[in-house]
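# Examining the three-dimensional arrangement
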Protein chains: 2
Amino acid sequence: MPNVTRNTRQRGEVLALLREVDGFHTAQQLHQMLVARKARVGLTTVYRTLQLLVDAQEIDSTRLPGGEQLFRRCSQSRHHHHLVCRRCGSTVEVAGPAVERWADQVAAQHGFTEVGHTFEIFGTCAQCAR
Amino acid sequence: MPNVTRNTRQRGEVLALLREVDGFHTAQQLHQMLVARKARVGLTTVYRTLQLLVDAQEIDSTRLPGGEQLFRRCSQSRHHHHLVCRRCGSTVEVAGPAVERWADQVAAQHGFTEVGHTFEIFGTCAQCAR
DNA sequence: CTCAATGCAAAAGGTTTGCACGCTT
DNA sequence: AAGCGTGCAAACCTTTTGCATTGAG
């Protein structure tokens, strides 16, 4: 973990890409996109940068039922969930205040502390269904 | 995929173990438990049997944020969610009809089809918090 | 006797780490 | 000049697969 965050070309490339693409993508996918646009960034660096961004809460990450980690630049700063297309990875950010409250309440009822939760909705978007 | 399911000693061991243990456990953990009790079942078989059981809807599986797959024998037959202790893996099964409906509704609003969702609550249970 | 099931070893992902070199500050 | 960041290769982990052997029916 770096104490200082330097502005390197590679990090710029990753950030620039994240600003352009929409929806969730795996680290591998993002790396491939970078390679495709001749950005010369190593896979290792992509992973490290993404992890850095997740820690800094600048991007969001979830996991597919398959286990791969997905990353996405988040436009909302508040906690929220995602409706993700299985096919193309496009996402809709949804807020579900009721769900949050319910989760915390259920956990509290059972004496659980340090509560967190994951909630993702998967489906096939209208585009991809055609 | 087998057309016929034969009753082998190994499958019996796995099932017996699942009946005894509580909460979610990874395939590796279950395998270690089997080894510990000298049940002589290969890791491969554990994976294959668990997958079989998941397909047959006899057990439930989720994934940790870390990506490992967890398995658990389910007492409820209906769709439900889990409150999982991060420390000891003990779980509480919770039904959240409202959540289900909300998920389907949100998805439909955005034109998504073949909708599924994942919802897990993580925390530290009262036991482990002490 | 047949064919599904097993188990080993190897493959196959995806992600992380060790280490020497290079670039930001 | 100092030390963080990079990138390659190798290590790691979990899960899957190939294949010869075992055993249920």
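Scope of this entry: the structure provided in the associated data block. (Residues numbered from 1 in each chain as written. Chains lettered and ligands numbered in written order. Predicted model: local features only at pLDDT ≥ 70, side-chain atom pairs only at ≥ 80, totals over all residues. Heavy atoms only, no water.)

## A few points about helix 2 (residues 27-36) of chain A
All names here are of chain A.
- Here helix 2 has its buried residues at Ala27, Leu30, His31 and Leu34. Down the axis of helix 2, the smallest arc covering the buried residues is 100°, so these residues share one side. Every exposed residue of helix 2 that faces more than 90 degrees away from the buried side is listed here: Gln32 and Ala36.
- Looking at the buried residues of helix 2, the elements they touch are helix 1 (9-20), strand 1 (25-26), helix 3 (43-55) and strand 3 (69-73). (Buried < 20%, exposed > 50% of the residue type's maximum accessible area, 1.4 Å probe, protein only. Helix = DSSP H or I, 4+ residues; strand = E, 2+ residues; numbered from the N terminus. Arc of directions from axis to C-beta. Contact = heavy atoms within 4.5 Å.)

## Brief notes about the packing of aromatic side chains
- Scanning the entire structure with this criterion turns up 3 aromatic pairs over all chains.
- An aromatic cluster of at least three residues, connected via ring pairs, comprises Trp102 and Phe119 of chain A together with Trp102 and Phe119 of chain B. (Phe/Tyr/Trp six-rings, centres within 6.5 Å; stacked < 30°, edge-to-face > 60°.)

## Re the sheet that holds strand 3 of chain A
Residue and element names in this part refer to chain A.
- One open sheet holds the 3 strands; their spatial order is 1-3-2, and the pairing between them is antiparallel. Of all strands in the sheet, those bounded by a partner on one side alone are strand 1 and strand 2 (59-63).
- Where strand 1 lies against strand 3, 2 bridges are found, and the strand directions are antiparallel. Each bridged residue has a counterpart across the sheet, and for Thr26 the counterpart in strand 3 is Leu70. (Pairing = 2+ DSSP bridges.)

## With respect to helix 4 (residues 97-109) of chain A
- Compared with an ideal rise of 1.5 Å per residue, which puts 13 residues at 18 Å, helix 4 of chain A spans 18 Å between its outermost C-alpha atoms and is within 8% of the ideal.
- Turning to helix 4 of chain A, its buried residues are Val99, Glu100, Trp102, Ala103, Val106 and Ala107 of chain A. Projection of helix 4 of chain A onto a plane perpendicular to its axis shows the buried side chains occupying an angular sector of 165°, all on one side. Opposite the packed face of helix 4 of chain A, turned more than 90 degrees from it, sit the exposed residues Ala98, Arg101 and Gln109 of chain A.
- Packed against the buried residues of helix 4 of chain A are strand 4 (81-85) and strand 6 (113-124) of chain A together with strand 4 (81-85), strand 5 (91-94), helix 4 (97-109) and strand 6 (113-124) of chain B. (Expected span 1.5 Å × (residues − 1).)

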